[in-house]
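This is what each chain is made of:
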Amino acid sequence: MSGARGRLRIYLGAAPGVGKTFAMLCEGHRRVARGTDVVVGFVETHGRPRTAAQVDDLELVPRKTMVYRGTSFTELDTDAVIARRPRLALIDELAHTNVPGSKNTKRWQDIEEILDAGIDVVSTVNIQHLESLNDVVHQITGVPQRETVPDEVVRRADQVEVVDMAPEALRRRMAHGNIYPPEKVDAALSNYFRVGNLTALRELALLWVAGKVDEQLDRYRADHGIAGTWEARERVVVALTGGAEGGTLVRRAARIAARTKGADLLAVHVTRSDGLSGTDPANLTRQRTLVESLGGTYHQVVGDDVPHALLDFARGVNATQLVLGASRRGRVAQLFSRGVGVTTTMLSGSIDVHMITHAEVSGRARRVRSRAALTRRRRFAGWAMALLLLPVLTAALFPFRDALSLPSEILIFLLMVVGVALAGGMWPAVTAAVAGSLLLNYFFTPPVGRFTIADPENLLALGVYVLVAIMVSAVVDLAARRTREAARAGADAEVLSTLAGHVLRGDAALPSLLARLREIFGLSSVTLLERAAEPSPDDHSEPEAWRIVATSGGEPCTAPGAADSDVSIDDELVLAVRGRLLDASDRRVFEAFAAEAAIALRQQRLREEAEQARPLAEADKMRTALLAAVSHDLRTPLASAKAAVESLRSTEVRWSEEDRHELLATADESLVKLDRLVANLLDMSRLQAGVLGLTPRPVAVEEVVPRSIDDLGPLADRVEGDISADLPEVVADPALLERILVNVMTNAVRYSQAEAKVLVTASSHGGQVEIRVIDRGPGIPPEAHDRVFMPFQRLGDRDNHTGVGLGLALSRGLAEAMGGALVPEETPGGGLTMIITLPVASHAPAAAAGQGPTADEPAVALP
């Protein structure tokens, strides 16, 4: 066997009974006929004769037998399959959960080990067992699926084949008894196997496999360098520029995609490679939300050549149609450049291009104004240098005009213009260049003192001087502008990084978020406002129409109109700030904080609603469990007692004395059991309400334990007590302590082996006495120790008719009410030990130790 990993083939079905296992076994027979070494690792026939017949001629690897809680189960023997080392193993039910104690929790993990050993595997799974579709299937069928397999496990399979069957055909198979036994057919056809359910599950299976086929196609095209479009599925790409027409384009593209079932909608925005863009980020955010609400996906790519970037993206996703907005450029601009739409259409090849007209076409394209590249102080300094240095430089050079040539004087003036450009930007430098050319013409170019130029070479020199000065000024201004924009982008990135870290760390509390926003932008106050009334045209400045949700800083804003700047998050929420007006470039980051503030508010309210709903849910859970208990556990002893009494009252049968005694004993036992159950229920309700009466006093453990054992009745023979008479007295309510012991010992006897006895011991440790009830039963996993004390829990008890599950919960509550505790512990060698801890009388407070209430005083009410 080679060291390569085995190949996995999966038969995927929409529902049980479509023939997955049968198809897997047929594949096994086909491989055997070709000479392949095939074994059956695990196949579940579910009693279907045709499926069982397919197994007969194949080699079976013996299953592994496991015992769990007294019941034997058979599971896949992974080690035996690997040791057998076949070429192919057939293993049914990929999503199966193994019996606790197995090597792996899930069967798919066993299959991973077999694949790693170089053995090919063929397996089966139903669509309802895929993790990503589990909730969808539950919603469709109303049946929860507890066994699931991660989608990635199935996606990694080398082959996934759908075993398909029409819903009507599957229902006929069910009616003929080919899937379930006859007694289950009617219920299955009326519930899970309804035509609507099966149709929906069938569509889910086909769509899921179509998605995997799509991934395989993309991988094949990438591996073979295929750039052309294969129209296997309609994919509509809409190009967004961030303009106001984006919403129109998205809706139009969505309608085009809706014409074909299963078509994909993708939106793409091309940004420049330098990260600087004149688009409106608010428009892009709204358009992205619109795309996602229509079931599409939003993408952003980088490229300076927009047509090529669009087409590269479209071909990369195997798009069939591309939606563009009609150009908003004027006719003059179109004479010099064909534009994005025309260029994209020429280069699109097999991709259909839709040019969509919109309302913005008739208006002029509005140019986004850019902020000044330099600060006001630097621009003022540039103008001052231009106005002051020109006369000073002219006066300084004039005495040396005979010693210097015109080119030298031009270079000196050019140096001065570059200095003005570095200080004040382009326009002061252009002004200095033009003014300098006039001064050079008048004072330094023959004939001097006149605005005429005698030598044509001097005219050329002055013209070059002006041109070079303007070019240098433009380059300096552009560099300053890019530097400023890059610094702004870097600052925005740092702020967004801070916001991302804030979110990832879980600091989503509104006060923390608003405080961070106020610090970053240097604001005096930041307030999140929520609309308190129905919107009206003039409520922007009305404090009565708004309420403050959260605020940070000084005096909060009471309405958006009272703020220096505000950002509308949605129709109900507005983020208002005081301190300064926000620049247009700041709003992008500000909107990100506003969106996160809205999310934080929603999360906070969801947590509050969950906290409010938790007590109601617990009460409802308690009420439901109580009703379920009353419906059977209380009715059973009542029915037994009633039957015994009615038998005794009957005049049709003459009962012997022995029979009468037995009927009376039955009635008495049933009534005692009923009394105990009702008492437990009432005491549990009093305990939870905090009104259970308690009379603590010094009690001798060696007296209470024998009485408790006697109260067990027929079960008393199963309990042995080993209590020393030297133990100190404990502070407890004697009656309640007996009830604790009876409940715990009854539970221990119930789960102990038939021949094993329950041992009760006690010992003193410091200021406490520990009473131990030791059994040799199956025990309880450590992670479930706390769960057994929850009301109406019968952990591991498959018999739901043995009690309401209040014994341990009530016992722990009573022990804690008396200042003690009830905790479980593993018994060495197997089993469970319940430890009842009570305070020693000498260490208890005086009021509790021997000075309890007298006969005329009321019992203590538990807080």
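Residues numbered from 1 in each chain as written. Predicted model: local features only at pLDDT ≥ 70, side-chain atom pairs only at ≥ 80, totals over all residues. Heavy atoms only, no water.

Details of the overall build of the chain
In terms of regular secondary structure, the chain is built from 24 helices and 26 strands. Taking all 863 residues of the chain together, the buried fraction comes to 41%. Excluding contacts between residues fewer than 6 apart, the proportion of contacts in the chain whose partners are at least 24 apart in sequence is 69%. (Helix = DSSP H or I, 4+ residues; strand = E, 2+ residues; numbered from the N terminus. Buried < 20%, exposed > 50% of the residue type's maximum accessible area, 1.4 Å probe, protein only. Contact = heavy atoms within 4.5 Å.)

Some details on the packing of aromatic side chains
If you walk through the whole model with that rule in mind, you get four aromatic pairs. A ring pair is formed by Phe398 and Phe443, whose centres lie 5.8 Å apart and whose planes are at 85°; its orientation type is edge-to-face. Taken together, the residues Phe398 in the loop between helix 15 (376-397) and helix 16 (406-424) and Phe443 in helix 17 (residues 426-444) connect sequence positions 45 residues apart. An aromatic cluster is defined as three or more aromatic residues linked by ring pairs; in this entry it consists of Phe398, Phe413, Tyr442, Phe443 and Phe444. (Phe/Tyr/Trp six-rings, centres within 6.5 Å; stacked < 30°, edge-to-face > 60°.)

Some words on the nonpolar core
By size, the foremost hydrophobic cluster in this structure holds 58 residues, and its most contacted members are Leu90, Ile127, Val149 and Trp208. Counting residues per element, this core draws most heavily on helix 9 (residues 195-223), at six residues. Beyond its immediate sequence surroundings of up to four residues, Leu90 is in contact with Met24, Leu25, Gly28, Val38, Val39, Val40, Gly41, Phe42, Leu58 and Val122. One finds Val704, Leu712, Leu727 and Leu810 within the second-largest nonpolar core, a separate group that totals 41 residues. (Core = buried A, V, L, I, M, F, W, Y, C linked by side-chain atoms within 4.5 Å.)

Re the sheet that holds strand 16 (residues 565-568)
Strand order in this open sheet of four strands is 15-14-17-16, and the pairing throughout is antiparallel. Where the open sheet ends on each side, the last strands, each with one partner, are strand 15 (546-553) and strand 16. Strand-to-strand twist across the sheet, computed as the mean angle between neighbouring axes with direction ignored, equals 20°. Examined bridge by bridge, strand 14 (residues 525-531) and strand 17 (residues 573-578) share six bridges and lie antiparallel to one another. The residue of strand 17 that forms the bridge with Thr527 is Ala576. (Pairing = 2+ DSSP bridges. Axes fitted to C-alpha atoms, helices over the stretch in contact; angles between N-to-C directions.)

Regarding the side chain of Lys106
Checked against the element boundaries, Lys106 lands in the loop between strand 6 (88-91) and helix 4 (107-116). Despite its burial, Lys106 remains without a salt bridge, the nearest opposite charge being carried by Glu147 at 5.7 Å. When residues no more than four places from it in sequence are discounted, the contact partners of Lys106 are Ala95, His96, Thr97, Asn98, Arg146, Glu147 and Thr148. (Lys, Arg positive; Asp, Glu negative; His and termini not counted. Salt bridge = Lys/Arg side-chain N within 4 Å of Asp/Glu carboxyl O.)

Notes on the side chain of Thr827
Here Thr827 is to be found in the loop between strand 24 (821-826) and strand 25 (832-839). Residue classification places Thr827 among the buried positions, given a relative accessible area of 6%. At a separation of 3.1 Å, a polar atom in the side chain of Thr827 contacts the main-chain amide nitrogen of Leu832. Discounting chain neighbours no more than four positions away, the residues touching Thr827 are Ile774, Asp775, Arg776, Leu832 and Thr833. (Polar contact = N/O pair within 3.5 Å; in protein donor to acceptor, adjacent residues only side chain to side chain.)

Overview of the sheet that holds strand 3 (residues 59-60)
With parallel pairing, the six strands of this open sheet are ordered in space as 3-2-6-7-1-8. Two strands in the sheet have a free side with no partner beyond their single neighbour: strand 3 and strand 8 (159-163). Two strands pair when backbone bridges link them, and strand 2 (residues 38-42) and strand 3 are joined in this way by two bridges, in the parallel orientation. When the sheet's bridge partners are listed, Val40 is paired in strand 3 with Leu60. Packing against the sheet, helix 4 makes contact with strand 1 (8-13), strand 2, strand 6 and strand 7 (120-126), and its axis sits at approximately 160° to strand 7.

A few points about the packing of helix 22 (residues 701-710) against helix 23 (residues 734-751)
Packed helices, taken two at a time, are described by the angle their axes make and the gap between the axes. At a closest axis distance of 9 Å, the pairing of helix 22 and helix 23 adopts a crossing angle of 50°. Taken together, the axis directions place helix 22 and helix 23 in an arrangement best described as oblique. Seen along the crossing, helix 22 lies across helix 23 with a hand that is right-handed. On helix 23, the residues touching Val704, Val705, Arg707, Ser708 and Ile709 of helix 22 are Leu737, Glu738, Leu741, Val742 and Met745. A per-class count over the contact of helix 22 with helix 23 returns seven nonpolar, one polar and two charged. (Parallel < 35°, antiparallel > 145°, perpendicular 65-115°, else oblique. Left-handed = near helix turned anticlockwise from the far one by under 90°. Nonpolar A, V, L, I, M, F, W, Y, C, P; charged D, E, K, R; others polar.)

Focus: the confidence of the model for the chain
Looking at the chain as a whole, the pLDDT averages 77, with 78% of positions reaching at least 70. Between the elements of the chain, mean pLDDT differs from a low of 36, seen in strand 26 (residues 860-861), to a high of 94, seen in strand 6. Considering only residues more than four positions removed or in separate chains, one finds that residues 504-508, a stretch of pLDDT under 50, has seven contacts. For the stretch residues 794-804, pLDDT sits under 50, and the model shows 29 contacts to residues farther than four places along the chain or on other chains. (pLDDT = per-residue confidence, 0-100.)

Structural notes on the pattern of salt bridges
Under the defined criterion, the tally for this structure stands at 23 salt bridges. A salt bridge links Asp79 to Lys103; its shortest N-O distance comes to 3.7 Å. You can see Asp79 sitting in helix 3 (residues 78-84) and its partner Lys103 sitting in the loop between strand 6 and helix 4, a full 24 residues away along the chain. For Asp79, a relative accessible area of 48% gives the class partly exposed. The residue Arg288 makes a salt bridge to Glu292 at a minimum N-O spacing of 3.3 Å. Placement of both Arg288 and Glu292 in helix 11 (residues 281-293) is noted, with a separation of four residues, approximately one turn of the helix. Relative accessible area serves as the criterion here: at 39%, Arg288 is assigned to the partly exposed category. Through salt bridges with shared partners, one network takes in Arg9, Glu27, Arg30, Arg31 and Glu161.

Comments concerning unusual backbone geometry
In most cases, non-glycine residues show a negative phi, while peptide bonds are predominantly trans. Backbone torsion omega between Pro446 and Pro447 reads -5°, so that peptide bond is classified as cis. One non-glycine residue, His46, lies in positive phi territory at about 55°. With respect to the helices and strands, His46 occurs in the loop between strand 2 and helix 2 (49-55). Overall, the relative accessible area of 45% leaves His46 in the partly exposed class. Although it is not a glycine, Glu93 adopts a positive phi angle of roughly 60°. Relative to the elements of secondary structure, Glu93 occurs in the loop between strand 6 and helix 4.

With respect to helix 23
Taking 1.5 Å as the rise per residue, helix 23 with 18 residues should run 26 Å; its terminal C-alpha atoms sit 26 Å apart, in good agreement. Burial within helix 23 is extensive, with 13 of its 18 residues counted as buried. The backbone nitrogen of Ala735 has a side-chain oxygen 3.1 Å away, supplied by the residue at the start of helix 23, namely Asp733. (Expected span 1.5 Å × (residues − 1).)

A look at helix 17
Here helix 17 is 19 residues long and its end C-alpha atoms lie 25 Å apart, about the 27 Å a rise of 1.5 Å per residue gives. Within helix 17 the residues assigned to the buried category are Pro428, Ala429, Val430, Ala432, Ala433, Gly436, Ser437, Leu440, Asn441 and Phe444.

Notes on the environment of Met416
Relative to the helices and strands, Met416 resides in helix 16. Residues Met416 and Met385, 31 residues apart in the sequence, show an inter-C-alpha distance of 8.9 Å.

Comments concerning the pairing of strand 2
Across the five residues of strand 2, five count as buried, placing the element largely inside the fold. Note: strand 2 against strand 6, four bridges, orientation parallel. The partner of Phe42 across the bridge, within strand 6, is Ile91. You can see the chain leave strand 2, run along helix 2 and come back into strand 3, and the turn it takes is right-handed. (Right-handed = clockwise from strand over helix to strand, strands pointing away.)

A closer look at the packing of helix 16 against helix 17
Close contact between helix 16 and helix 17 brings their axes to 8 Å; oriented N to C, the two are set at 160°. It follows from the interaxial angle that helix 16 and helix 17 lie roughly antiparallel. The handedness of the crossing between helix 16 and helix 17 comes out as right-handed. Residues Leu406, Glu409, Ile410, Phe413, Val417, Val420, Ala421 and Gly424 of helix 16 pack against Met426, Pro428, Ala429, Ala432, Ala433, Gly436, Leu439, Leu440 and Phe444 of helix 17. Along the lines of polarity and charge, the residues of the contact of helix 16 with helix 17 split into 14 nonpolar, two polar and one charged.

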